[in-house]
Number of protein chains: 8
Amino acid sequence: MNYIVYLSGEIHTDWRDKIKDAVKEHNLSVTLVSPVTDHEASDEVGSQILGGEDKPFWKDHKASKINAIRTNKLLGNADIVVVRFGEKYKQWNAAFDAGQAVALGKSLIVIHSPELTHPLKEVDAQALAVTETPEQVVEILQYICQ
Amino acid sequence: MNYIVYLSGEIHTDWRDKIKDAVKEHNLSVTLVSPVTDHEASDEVGSQILGGEDKPFWKDHKASKINAIRTNKLLGNADIVVVRFGEKYKQWNAAFDAGQAVALGKSLIVIHSPELTHPLKEVDAQALAVTETPEQVVEILQYICQ
Amino acid sequence: MNYIVYLSGEIHTDWRDKIKDAVKEHNLSVTLVSPVTDHEASDEVGSQILGGEDKPFWKDHKASKINAIRTNKLLGNADIVVVRFGEKYKQWNAAFDAGQAVALGKSLIVIHSPELTHPLKEVDAQALAVTETPEQVVEILQYICQ
Amino acid sequence: MNYIVYLSGEIHTDWRDKIKDAVKEHNLSVTLVSPVTDHEASDEVGSQILGGEDKPFWKDHKASKINAIRTNKLLGNADIVVVRFGEKYKQWNAAFDAGQAVALGKSLIVIHSPELTHPLKEVDAQALAVTETPEQVVEILQYICQ
Amino acid sequence: MNYIVYLSGEIHTDWRDKIKDAVKEHNLSVTLVSPVTDHEASDEVGSQILGGEDKPFWKDHKASKINAIRTNKLLGNADIVVVRFGEKYKQWNAAFDAGQAVALGKSLIVIHSPELTHPLKEVDAQALAVTETPEQVVEILQYICQ
Amino acid sequence: MNYIVYLSGEIHTDWRDKIKDAVKEHNLSVTLVSPVTDHEASDEVGSQILGGEDKPFWKDHKASKINAIRTNKLLGNADIVVVRFGEKYKQWNAAFDAGQAVALGKSLIVIHSPELTHPLKEVDAQALAVTETPEQVVEILQYICQ
Amino acid sequence: MNYIVYLSGEIHTDWRDKIKDAVKEHNLSVTLVSPVTDHEASDEVGSQILGGEDKPFWKDHKASKINAIRTNKLLGNADIVVVRFGEKYKQWNAAFDAGQAVALGKSLIVIHSPELTHPLKEVDAQALAVTETPEQVVEILQYICQ
Amino acid sequence: MNYIVYLSGEIHTDWRDKIKDAVKEHNLSVTLVSPVTDHEASDEVGSQILGGEDKPFWKDHKASKINAIRTNKLLGNADIVVVRFGEKYKQWNAAFDAGQAVALGKSLIVIHSPELTHPLKEVDAQALAVTETPEQVVEILQYICQ
């Protein structure tokens, strides 16, 4: 049995790489998947492929929908969704992914610093593990893969 | 046919009242439901009923789960979920509700100012209407109730 | 037990009224629901409520999504979906509704003239009754309501 | 993760081949599936295998149902449904497939010329990408496969 | 809480009336629903409303599909499906209803004489009660309604 | 919006009555439902209605299945499932109900003394509230009904 | 894409072998699965493994439930369910399987002689193909596998 | 077709090994999966990875939720769930797993001694086989794998 793990949220640190490296090192039966984490590519994809827009709203709209094709597949097929909240930015897409994950019956793991406990309480309440570091996520994956 | 509409998100302005008043005034076949919007009651409910906690995390945890009993029922039975994002606070619970709503197949309506377009683009992309004011929500309800 | 019947498709003849009158006359335990059948209102609703658009695509987009809020509720709650195809126009929305109805497990009844048999064969193949007139739909409703 | 993509709709141009060639050329992790696109075989299959019919309605009926066995499997297992609308014919089966795809939670991509924007507005409103050419579909597949 | 009970199967004895009378007499919170039990009406309804057919197969086909509109609603909304197998006829529709009921998660109650135990073993194995008389069904309804 | 609350588990104390009385007193929009709590009636119902059995296994089997007809309906329609574990007996049916409740997406509330924390840890982990007294359940119902 | 086809019903002729041989000969992408077709083994399995019973009802009960473990898996994973009705025996299990197949959204193909048209009309009405011979089933599989 | 079998419940005897050895010996197309059966590791995993807790309740809570990530995947993907009840301990987690299994539509097999028949009657009533030894489970697997 192989776990499919979708890594959602913060894209400005190397937390995904840490998990990837550890999964490889420990040879875990885990397939890691992610959204497109190249920020600019992700923002521009709609106008790039489907043509430019005068209004920023529609430019964003077209990009987000193309990204949703990927999310539908990868999050929709995941067994576990890991969502990392960083210190900066609004990150509503991360909380939105967490909401989708819970409603779809996925096992949710959250990563955030203790400072964010109060604003994330509704998300944490639905998570099966609330961690502070990617290393803890790796330890959980090791444990459930034994 | 009566629409059940769950009003989620921002709790510091009177937008819910505006919608309630208009629904009553126009006699629309709409049942409005909401989370508990008394901020303090909502934060304290866990320790109040189930006993205090030393760690803020567990205090929040117990409160959030009791609130989730209400959300499960009201959002789970809604036809339409309206989520308002304000200018302040992290509001991850609002985005989380939006994610749940979409995954459960609810019709999503979002209310926010144009300044929030870019950070809300993934949420807006799944919405059936992106509005700026509660009055626009009322107009939509009037239209679909005719 | 009361049947909810969604009347989809062609909006230029009075077929919905014929069914409504007969349901009332025979006092059938049937609730009839429909999309907004005022063509202009339906086309203009997006720009009317949410603001105008330069591109016709986005104007149509906003209108269609508001109409989808109504369809989600009424078609989603229906037991039976009746779709009438007329002689004119492309009527892709009618076939689209029929596809949604079938995938959602609704009982599908189709109304069209025999000339349209071949192009509608995939739709007819999934229908539980293929009729030519609203009177036949009424007879079916009478039969199943006895 | 491999995307299963069902290519529905118009069968008189070589748009499917263009997508197939590009998927092979770029070595994308995409499995392309389609209905039987041999028009005559598809029309005749019912009477061919199950015996002739006097009435065209039943001949079409038997053929459409055999074709539905294939559609149930291939569209039902798809992650993405691409529907192309051409300039000619009624193409209600294409809109019907689009409706089924949306109700089943598939990611919908539509291909059509701008002239068809208004009659396809309900379909487009539910699509995650509205394109004009198969090349754009390929670009989307390349983007989500990275 | 009111139980909806669908009474399927054998139509040549008055077992449905016995249950109806007892439900009324004991004032049970039970709504009884049934297929159309007028054998001739049920056989003729297709050709009656939709026009005659040369082949018996298509005549039966049209009738069965109209009857299915009723079954979809009544069996689909039932909490409990009671299926009675008599001594005569093939009664494949009764076993077919039982199969649908089980797959839809309905509570199945079967009524048949002990002589039919062996050929009905697969049906009985999925039933929550295997009875021999309508009186036993009434006793069960009384017990669960207390 | 009215909450349907299924009261499962321990049948030897008057905890259900305490909740019923409080719901009535506070006029809460709550419908309380329960299994048959008359122990002997529940044990004997199978042989009583369907005839005696030599083996205790089959006697129990027939009784449990008739009770399951009630559980399917009442637990299946509940929004909230409250399960009380007492100090005595094995109470596997209570844990079984809790497992069904969670898998069906019901909000689970558990009542038990702190001594039972360790053996109930898997059940508690899925609950939205772990209480020690029926009074706490009433407080939660009051809170979510406001 | 590989079709999983469950072959249900009549076990006294070699129709399954005919389909198996043809699938192998034409190298079709089809996986054929079946219930245990050894009549005696199937009847005796309950008492054989779980111990004898005095009453035939319980002997049959135990056997049918073990057989149901296999059916749940094989029919539950099938894309297509083929049910053959022979001339003899009551074959309620075949009709029961057909009912389950339809309710689970499987594509149903029926095989029977024209003499059985009337008693099988409800089953046929839900089938996507009504055939008379296994050769016709093979032709359908060939067509949908092209 | 390969059966996925989740082995739940009692962890103090070698019943899982007996089944594993026999599956290997008979070369059955069965994949066996289990919870983490190292009692101490399972109890300590929460505090080990996520940090210690003063209250035993929260220590257990964190451990149980991490274990639930594994259960969600393995039980959620199983075709068959085997639950063994031993003579000692409360084993509510075993009954809880059984409840989840049934609600998720899994085929349930139970192993327990005849002494436990009465307290397990609700669980047994939903099982497709009630056995006393792992050898009987192996015989069932052999039978359904033929």
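Provided above is the structure to which this section pertains.
Calculation notes
- Residues numbered from 1 in each chain as written.
- Chains lettered and ligands numbered in written order.
- Predicted model: local features only at pLDDT ≥ 70, side-chain atom pairs only at ≥ 80, totals over all residues.
- Heavy atoms only, no water.
- Pairing = 2+ DSSP bridges.
- Helix = DSSP H or I, 4+ residues; strand = E, 2+ residues; numbered from the N terminus.
- Axes fitted to C-alpha atoms, helices over the stretch in contact; angles between N-to-C directions.
- Contact = heavy atoms within 4.5 Å.
- Buried area = accessible area lost by both parts, 1.4 Å probe.
- Salt bridge = Lys/Arg side-chain N within 4 Å of Asp/Glu carboxyl O.
- Polar contact = N/O pair within 3.5 Å; in protein donor to acceptor, adjacent residues only side chain to side chain.
- Nonpolar A, V, L, I, M, F, W, Y, C, P; charged D, E, K, R; others polar.
- Right-handed = clockwise from strand over helix to strand, strands pointing away.
- Least-squares fit on C-alpha atoms with pLDDT ≥ 70 in both.
- Phe/Tyr/Trp six-rings, centres within 6.5 Å; stacked < 30°, edge-to-face > 60°.
- Buried < 20%, exposed > 50% of the residue type's maximum accessible area, 1.4 Å probe, protein only.

Before going further, it helps to spend a moment on the sheet that holds strand E3 (residues 80-84) of chain C. Residue and element names in this part refer to chain C. Strand order in this open sheet of five strands is E2-E1-E3-E4-E5, and the pairing throughout is parallel. Only two strands of the sheet have a single neighbouring strand rather than two, namely strand E2 (30-33) and strand E5 (129-131). Here the average twist between neighbouring strands, direction ignored, is 20 degrees. Alignment of E3 against strand E4 (residues 107-111), held across five bridges, turns out to be parallel. If you follow Ile80 over to E4, its bridge partner there is Ser107. Packed onto the sheet, helix H4 (residues 92-103) meets strand E1 (3-9), E3 and E4 and runs at close to 150 degrees relative to E1.

Time to look at the sheet that holds strand E3 (residues 80-84) of chain F. Residues and elements named next belong to chain F. Taken in spatial order, the five strands line up as E2-E1-E3-E4-E5 in an open sheet, and their pairing is parallel. Sheet topology places strand E2 (30-33) and strand E5 (129-131) at the edges, where each strand pairs with a single neighbour. Going from strand to strand, the sheet's axes swing by 20 degrees on average, the running direction of each strand aside. Packed on one face of the sheet, helix H3 (residues 56-77) meets strand E1 (3-9), E2 and E3 and runs near 130 degrees to E1.

Tallying the contact residues gives 20 residues for chain C and 18 residues for chain E. When residues of chain C are sorted by the area they lose upon contact with chain E, Met1, Leu128 and Tyr143 of chain C head the list and together hold 43% of the total. Counting across the interface, chain C meets chain E through one salt bridge. For Lys73 of chain E, the salt bridge identified is with Asp79 of chain C, shortest N-O distance 2.9 Å. Joining chain C to chain E, the criterion identifies seven residue pairs in polar contact (both at pLDDT 80 or more). It is helix H6 (residues 134-145) of chain C that contributes the most residues to the side of chain C that touches chain E, six residues altogether. Residue composition of the side of chain C that touches chain E, grouped by class: 13 nonpolar, five polar and two charged.

A separate point is the pairing of strand E2 (residues 30-33) of chain H. Residues and elements named next belong to chain H. As paired strands, strand E1 (residues 3-9) and E2 are joined by four bridges and run parallel to one another. Opposite Tyr6, over in E2, you have Val33 as the bridge partner. Taking the sense of rotation as the criterion, the β-α-β connection linking E1, helix H1 (residues 15-25) and E2 turns out right-handed.

A few words on the relation of the copies chain C and chain E. For the pair chain C and chain E, the superposition axis carries a translation of 0.0 Å, the fit reaches an RMSD of 0.0 Å, and the rotation angle comes to 90 degrees. These values place the two chain copies in the arrangement generated by a four-fold rotation axis. Within chain C, the C-alpha atom positioned nearest to the axis of rotation is that of Asn77 of chain C, 8.9 Å from it.

Looking now at the interface of chain A and chain B. Listed by partner, the interface residues are 32 residues for chain A and 32 residues for chain B. Of the roughly 3100 Å² buried between chain A and chain B, counting both surfaces, carbon and sulfur atoms make up 68%. Looking at the side of chain A facing chain B, the largest losses of area belong to Phe57, Trp92 and Phe96 of chain A, adding up to 24% of the total buried there. Taken together, the connections running from chain A to chain B amount to two salt bridges. Taken together, the connections running from chain A to chain B amount to eight residue pairs in polar contact (both at pLDDT 80 or more). Contributions of two or more residues to the side of chain A that touches chain B are made by helix H3 (56-76), helix H4 (92-103) and helix H5 (121-126) of chain A. Broken down by element, the side of chain A that touches chain B gets its largest block of residues, nine residues, from H4 of chain A.

This part takes up the packing of aromatic side chains. For the structure shown, the criterion picks out 20 aromatic pairs over all chains. Arranged with centres 4.9 Å apart and planes meeting at 50 degrees, the rings of Phe85 of chain C and Trp92 of chain D form a pair that is tilted. One end of the pair, Phe85 of chain C, is in the loop between E3 and H4; the other, Trp92 of chain D, is in helix H4 (residues 92-103), on a second chain. The buried category is assigned to Phe85 of chain C, whose relative accessible area is 0%. Cluster of aromatic residues (ring-pair linked, three or more members): Phe57 and Trp58 of chain A together with Phe57 and Trp58 of chain C.

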